[in-house]
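A closer look at the structure
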Amino acid sequence: MSGCAARRYLAAALSRCRARARVPPLCEAPSRGLRALCAGGPAAWPLPPRRHLSSRNRAEGKVLETVGVFEAPKQHGKYETGQLFLHSVFGYRGIVLFPWQARLYDRDVASPVPEKNENSASHGSKEVKGKTHTYYQVLIDARDCPHISQRSQTEAVTFLANHDDSRALYAIPGLDYVSHEDILPYSSTDQVPIQHELFERFLMYDQTKVPPFVARETLCAWQEKNHPWLELSDVHRETTENIRVTVIPFYMGMREAQNSHVYWWRYCIRLENLDNEVVQLRERHWRIFSLSGTLETVRGRGVVGREPVLSKEQPAFQYSSHVSLQASSGHMWGTFRFERPDGSHFDVRIPPFSLESNKDEKTPPSGLHW
């Protein structure tokens, strides 16, 4: 990418970030600040006022604090462990732990095929071929979590508890999975640029490296031990009436309960409004098919107790939920019902996705037990 193209890309990306995160427009700052940002200068990001500043003297959301220097986003290749970034949709600061190579099934670019039975894993009217795409396991800066909590449940990755209670879950806060195009890379001279309880456990500063944060043995051991439950393998995406739904399922493991096996999965869903019209999610309708032959229908208001509004200012919402089956595989699909400002409703398709167990699992996930 040429220097001019990179500057145009960063300017456009920053514009999207400011709109999504409600960042004060740069016209409020001196014009030289805009030139500095576009030329790879200091990256300014909206942060809550420092504790010693009175909120009466500072308009909330109007405090800008320098966090580093923007870098040109990578058009090819992947980011390495230790890369600092801003999330282009949710606006938080983060750092890359390690990449995953996932299969992206994008139904928006699929080829139409004859309609199939809705109990089929290929529910719908499109045949989808997976395309390799890079995602990253990342740490989120704890200072930003309170400010994205209404738009994203990225604060935790859940695991099955390591004991006999088949329904017990525990969470590691501040872990997320991020697509390559969501990363706006930057660099910092701060030796601890991300505030997270695992940052110094997983990473250490090495000024001779680029990026200057390298994996400790602790991170490598944790990744290897928990690989079956952390691995992101399939991503499913589909757009209906300018609402894009992305689903990422994760296998969590199997437990025995009442002389039967119970298999658990987590699934992360991101809803994005690609239009300017304000819409609100009102209902969900799931169909869950198990290899044992059962088909379950689930209807309910909203998702995770919320009915999020998707607008031009805050176009995305992300959440995670869980499902269990008494079979080693199955699949899910369904619809979200949205409401327009005039009171009319429309249904948005949830792309069908498989629930597959890991056949080679040996031990339950160990989480933070080193």
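Structural data are supplied above this passage.
What counts and how
Residues numbered from 1 in each chain as written. Predicted model: local features only at pLDDT ≥ 70, side-chain atom pairs only at ≥ 80, totals over all residues. Heavy atoms only, no water. Helix = DSSP H or I, 4+ residues; strand = E, 2+ residues; numbered from the N terminus. Contact = heavy atoms within 4.5 Å. Phe/Tyr/Trp six-rings, centres within 6.5 Å; stacked < 30°, edge-to-face > 60°. Buried < 20%, exposed > 50% of the residue type's maximum accessible area, 1.4 Å probe, protein only. Lys NZ or Arg CZ within 6 Å of the ring centre and 35° of its normal.

A few points about the environment of Lys-131
Its location among the elements puts Lys-131 in strand β7 (residues 131-140). On a C-alpha basis, the gap between Lys-131 and Gln-101 in space is 9.9 Å, while along the polypeptide they are 30 residues apart. In contact with Lys-131, other than residues within four places in its own chain, are Ala-102, Arg-103 and Leu-104.

Side note on the packing of aromatic side chains
Applying the stated criterion across every chain yields a total of 15 aromatic pairs. For the pair Phe-85 and Tyr-92, a centre-to-centre distance of 6.2 Å together with 65 degrees between the ring planes defines the contact as edge-to-face. Comparing Phe-85 with Tyr-92 shows no difference in burial state: the two are buried. Residues Trp-286 and Phe-336 carry aromatic rings whose centres are separated by 6.3 Å and whose planes lie at 85 degrees to one another, so their mutual orientation is edge-to-face. Residue Trp-286 is located in strand β17 (residues 279-290), and its partner Phe-336 is located in strand β21 (residues 329-339); the two are separated by 50 residues in the primary sequence. Through successive ring pairs, a cluster of aromatic residues spans Tyr-267, Trp-286, Phe-336 and Phe-353. For Arg-266, the ring lying beneath its charged end belongs to Phe-250, and the centroid distance is 4.3 Å.

Functional significance is not addressed by these values, which are geometric in nature.
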